[in-house]
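Fold and contact review
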Number of protein chains: 2
Amino acid sequence: MSGPTVRDVAEVAQVSLATVDRVLNNRGGVSAKVVERVKAAVVQTGYVRNLAAANLSRRRIYRFCFVVPTGDTGFVALLHAALAQEQHRLREEQVVVQIVPTRPFDVEDQIAALRNLDCDAVAVMVSEAPEINEEIAALLAAGVRVVSLVADLPSSGRDAYVGPDNVMAGRTAAEFMGRFIKDTGNILMIAGSLAARDHSERLLGFQMVMQERYDGCTLLPAAQGADDAARVEQIVMDTARDRPIAGIYAIGAGNRGLVRAVGTLNPKPVTIVHELTQVSREALRTGTFDLVIDQDIRAGVIAAVGVMRDLTDSITPPADAGRIKLNIYSRENIQ
Amino acid sequence: MSGPTVRDVAEVAQVSLATVDRVLNNRGGVSAKVVERVKAAVVQTGYVRNLAAANLSRRRIYRFCFVVPTGDTGFVALLHAALAQEQHRLREEQVVVQIVPTRPFDVEDQIAALRNLDCDAVAVMVSEAPEINEEIAALLAAGVRVVSLVADLPSSGRDAYVGPDNVMAGRTAAEFMGRFIKDTGNILMIAGSLAARDHSERLLGFQMVMQERYDGCTLLPAAQGADDAARVEQIVMDTARDRPIAGIYAIGAGNRGLVRAVGTLNPKPVTIVHELTQVSREALRTGTFDLVIDQDIRAGVIAAVGVMRDLTDSITPPADAGRIKLNIYSRENIQ
DNA sequence: TTGTAGGCGTTATCAA
DNA sequence: TTGATAACGCCTACAA
């Protein structure tokens, strides 16, 4: 059950443990023919190194950072909660994580955060900008592994992306929007910022499906609410003054403002939002929101840590390791 | 940097390593005041156990079985896939699992399977019957921990239930059924067997919400398709001959037959089914099915293994450890 | 009820 | 170039 060990390799190769170790971790100082003998023995025995034992002996501790925006989005709160819930298990696995909050949409602040990092790997949820790419390149050059979280940064050279397929998220929102709306009508789409890749991808997916299959609906120009409750509320009220709204797709945060605004509208528009937070959960329960599309943040944290651990150990993470699922919540299946 | 260890705890508590270990893993055989002293020392030192070291040292291997029906439900295939995906992590945690397939709805076969078990704990997905209860009692008496999977067996004395809230599943199906149906109409509900607890609970939840909020719809008497494709197909065709069908809720399996039948109907009824399998995935993609309510089998496997491990170690599993989430899939978010 | 001693698989420090 | 040998942190017979 417990497979061949270095002892077995040593025995087959007729050398000592130390020599096997030297070859295995190519530290040099071993004659060519002995190297060959050891390598052959590894193949012959089918030896696979036991990472746990290696880390135990090496007293390795994984230091990971999460660079994520703060704000009233509730996202950081959920992230903190998820990390707290995983804290114990993470500690047991020798990983220490630190959250570095940044001001939302503030590139300067994000850069500052990335400069002050001291860790083996970092999961970043930051803007897509050339300066950020440079910063990430510097981190990579310094041997820090970088994972993009929730919003991908494909042009940054990051090691991996952990998050949902945001185009799919937008398409899913559209599918339910189209089916929930009985007739035709105006659809209001509110993003936080179209410069945020997750938001623009969701918007893209949403528009694609609405135009493709539910073209009885009229898509109003996409608004930007900066993930701010007051701004979001204002956008809804302003829009509703000019014309009836049949549906609202809130792509980013600021749902507290959305609840206030939707409460004043009659008839109530079909309202679809992202992230299952205190606010959206309650709004779902009372019928103010009709659907919540949630990326399971706990799963995201677990996936991110797993990927960072693999990367830190120079292991290629499984292809789908970073893909996290979208959960759909109606008033009947809130958890 | 490398944190406190058992030695530190032992020193502070003025006891030996073995005693600390006994307290840490509550194995008993330690006087109350020493227990207190050790616990205080743990708090004082901030000790966190090193899982890698623990697993390395522990030669214990957990042997678990899954007794589940085979058949055209695709469930066993999904279960196998889920286990395969978890294999690596499970092996690292010293657990070996074996799948024992049984013929669906065949109580004799289920009993035979339960008799031939050799393991520390078993997760069973079997019928609710007195003979089964006896068999489970025998297992429990023999020291094998028993967990009911997907369908609960409350009267069997099983140690725990791992599965979804099936009433909630039915309620969720009704919520989407009500919203997807534009007007009013006849709703056909097809269970596998009303003697199966998961099926009857789903039906109950579905009926509750339909009557409560979508009473424009007419619920036809619930049919039983024995999870058999041909039977299910026949039921749909027979029903459609007499009256138009606006919606179909398929509570159990046999979705292959449902696909065939629905394909012949015009207009196509809103069709909501359970379990994301090859068949339902494809039907979702082509528009034959409108919604799939899926119990995440991978999550179920992980939860079941966790609960079985706790039970085997005589630890009371956390209250919500067995509750698994319901995922909702439309054509746009199939994974 | 408590303690001692040895081992899990790998790494690292000495000598030889 | 090589090889003993002692950690790493925890678990567990076996004693006492």
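The text that follows walks through the structure, step by step, so that each part is easy to find.

Here is what the cut-offs are and how they apply
- Residues numbered from 1 in each chain as written.
- Chains lettered and ligands numbered in written order.
- Predicted model: local features only at pLDDT ≥ 70, side-chain atom pairs only at ≥ 80, totals over all residues.
- Heavy atoms only, no water.
- Least-squares fit on C-alpha atoms with pLDDT ≥ 70 in both.
- Contact = heavy atoms within 4.5 Å.
- Axes fitted to C-alpha atoms, helices over the stretch in contact; angles between N-to-C directions.
- Helix = DSSP H or I, 4+ residues; strand = E, 2+ residues; numbered from the N terminus.
- Parallel < 35°, antiparallel > 145°, perpendicular 65-115°, else oblique.
- Left-handed = near helix turned anticlockwise from the far one by under 90°.
- Nonpolar A, V, L, I, M, F, W, Y, C, P; charged D, E, K, R; others polar.
- Near = heavy atom within 4 Å.
- Polar contact = N/O pair within 3.5 Å; in protein donor to acceptor, adjacent residues only side chain to side chain.
- Buried < 20%, exposed > 50% of the residue type's maximum accessible area, 1.4 Å probe, protein only.
- Pairing = 2+ DSSP bridges.
- Right-handed = clockwise from strand over helix to strand, strands pointing away.
- 1 Å grid on protein atoms, 1.4 Å probe; cavity = no way out; pocket = protein on both sides within 12 Å on 5 of 7 lines; lining within 4 Å.
- Points joined across faces, edges and corners; volume = space filled by probe spheres on them.
- Buried area = accessible area lost by both parts, 1.4 Å probe.
- Salt bridge = Lys/Arg side-chain N within 4 Å of Asp/Glu carboxyl O.

**With respect to the relation of the copies chain B and chain A**
Note on the copies: chain B fits chain A at an RMSD of 2.5 Å, the axial shift is 1.7 Å, and the rotation between them is 180°. Taken together, the rotation angle and the small translation identify this as a two-fold axis. Closest approach to the rotation axis within chain B is made by the C-alpha atom of A52 of chain B, at a distance of 1.3 Å. Most of the interface of chain B is mirrored in chain A, where 88% of its interface residues again form contacts.

**Brief notes about the packing of helix α1 (residues 6-13) of chain A against helix α3 (residues 32-45) of chain A**
A pair of packed helices is captured by two measures, namely the crossing angle of their axes and the spacing between those axes. All names here are of chain A. Direction vectors running N to C along α1 and α3 enclose 125°, while the axes themselves pass 8 Å from each other. The pairing of α1 with α3 is recorded here as oblique in orientation. As α1 packs across α3, the resulting crossing turns out to be right-handed. Contacts between α1 and α3 involve D8, V9, V12 and A13 on the former and, on the latter, R37, V38, A41, V42, Q44 and T45. A per-class count over the contact of α1 with α3 returns six nonpolar, two polar and two charged.

**Notes on the protein's contact with DNA strand D**
Around DNA strand D there are 26 residues in total, and R22 of chain A together with V6, D21, Y47 and S57 of chain B lie nearest to it. Within the backbone of S57 of chain A, a nitrogen or oxygen atom sits 3.2 Å from a base oxygen of DNA strand D. At 3.3 Å, a backbone N or O of A53 of chain B approaches a base nitrogen of DNA strand D. At the level of elements, α2 (17-24) and α4 (51-58) of chain A together with α4 (51-57) of chain B are the ones that each hand at least two residues to the surface near DNA strand D. In the surface near DNA strand D, the residues fall into ten nonpolar, ten polar and six charged.

**Some words on the pairing of strand β12 (residues 326-329) of chain B**
Regular strands place their side chains on alternate faces of the sheet. Residues and elements named next belong to chain B. Burial along β12 is two-sided: the face carrying L326 and I328 and the face carrying N327 and Y329 are both buried. When strand β11 (residues 291-295) meets β12, the two strands line up antiparallel, connected through four bridges. By the bridge assignment, D294 is partnered in β12 with N327.

**Looking at unusual backbone geometry**
All names here are of chain A. In this chain, N266 is followed by P267 through a cis amide linkage whose omega measures 0°. Along the chain, P267 falls in the loop between α11 (255-264) and β10 (270-274). Phi is positive for Q94, which is not a glycine, with a value near 65°. Tracing the backbone shows Q94 in the loop between α5 (75-92) and β2 (95-102).

**Re the pairing of strand β6 (residues 185-191) of chain B**
Residues and elements named next belong to chain B. Most of β6 sits inside the fold, with seven of its seven residues counted as buried. With three bridges connecting them, β6 and strand β7 (residues 217-219) associate as parallel partners. Within β7, the position partnered with N186 by the bridge is T218. Read from β6 through helix α9 (residues 197-213) to β7, the crossover connection turns out right-handed. In terms of strand pairing, β6 meets strand β8 (residues 223-224) through two bridges, oriented parallel. When the sheet's bridge partners are listed, I190 is paired in β8 with A223.

**Section: the environment of L311 of chain A**
Position of L311 of chain A among the secondary structure elements: in helix α13 (residues 297-312). Distance from L311 of chain A to V147 of chain A, taken between C-alpha atoms, is 9.3 Å for residues 164 residues apart in sequence.

**Description of the layout of surface pockets**
Empty space among the atoms can be located by rolling a probe the size of a water molecule over them. Volume-wise, the second largest pocket comes out at about 900 Å³. Mapped onto the lining of the second largest pocket, the elements with two or more residues apiece are α4 and β2 of chain A together with α2 (17-24) and α4 of chain B. Looking at the lining of the second largest pocket element by element, the count peaks at four residues for α4 of chain B. By residue class, the composition of the lining of the second largest pocket is 14 nonpolar, nine polar and seven charged.

**So, the sheet that holds strand β2 (residues 95-102) of chain B**
All names here are of chain B. Strand order in the open sheet formed by five strands is β2-β1-β3-β4-β5, with parallel pairing between adjacent strands. Pairing within the sheet leaves two strands with one partner each, and these edge strands are β2 and β5 (160-162). Within this sheet the neighbouring strands show an average axis-to-axis angle of 25°, counted without direction. Relative to strand β4 (residues 145-149), strand β3 (residues 121-124) runs parallel, the two being bridged by four bridges. The residue of β4 that forms the bridge with V122 is V146. Here helix α7 (residues 130-141) sits on the sheet in contact with β3 and β4, set at roughly 140° to β4.

**Concerning the protein's contact with DNA strand C**
Taken together, 27 residues form the shell around DNA strand C, and within it V6, Y47 and S57 of chain A together with R22 and S57 of chain B come nearest. In the interface set of DNA strand C, defined as its atoms within 4 Å of the protein, sugar plus phosphate atoms amount to 65%. Within the side chain of R49 of chain A, one N or O atom sits 3.1 Å away from a phosphate oxygen of DNA strand C. A distance of 2.6 Å is found between a sugar or linking oxygen of DNA strand C and a side-chain nitrogen or oxygen belonging to S57 of chain A. Residue assignment for the surface near DNA strand C shows that the elements contributing at least two residues are α2 and α4 of chain A together with α2 and α4 of chain B. With four residues, the single largest contributor to the surface near DNA strand C is α4 of chain A.

**Description of the interface of chain B and chain A**
Of the residues lining the interface, 42 residues belong to chain B; the matching set on chain A comes to 42 residues. The junction of chain B with chain A conceals about 3,700 Å² of combined surface from both sides, 52% of it contributed by carbon and sulfur atoms. For chain B, the biggest contributors to the area lost against chain A are R179, K325 and E332 of chain B; these three give 19% of the whole. Applying the counting rule to chain B against chain A returns nine salt bridges. As a salt-bridge pair, R49 of chain B and E92 of chain A come within 3.3 Å of each other at their nearest N and O atoms. Across the chain B-chain A interface, the total number found is eleven residue pairs in polar contact (both at pLDDT 80 or more). Those elements that provide at least two residues to the side of chain B that touches chain A are α4, α5 (75-92), α8 (166-180), α9 and β12 of chain B. The leading source of residues in the side of chain B that touches chain A is α8 of chain B, at eight residues.

**Details of the sheet that holds strand β5 (residues 160-162) of chain A**
All names here are of chain A. The strand order across the open sheet formed by five strands is β2-β1-β3-β4-β5, and the pairing between neighbours is parallel. Of all strands in the sheet, those with a lone pairing partner are β2 and β5, marking the two edges. Looking at each pair of strands side by side, their axes are set apart by 25° on average, direction ignored. In this structure, strand β1 (residues 62-69) lies alongside β2, joined through eight bridges in parallel fashion. Its bridge partner lying in β2, C65 is registered against Q98. On top of the sheet, helix α6 (residues 107-115) reaches β1, β2 and β3 (121-124); it is set at about 155° to β2, its chief contact.

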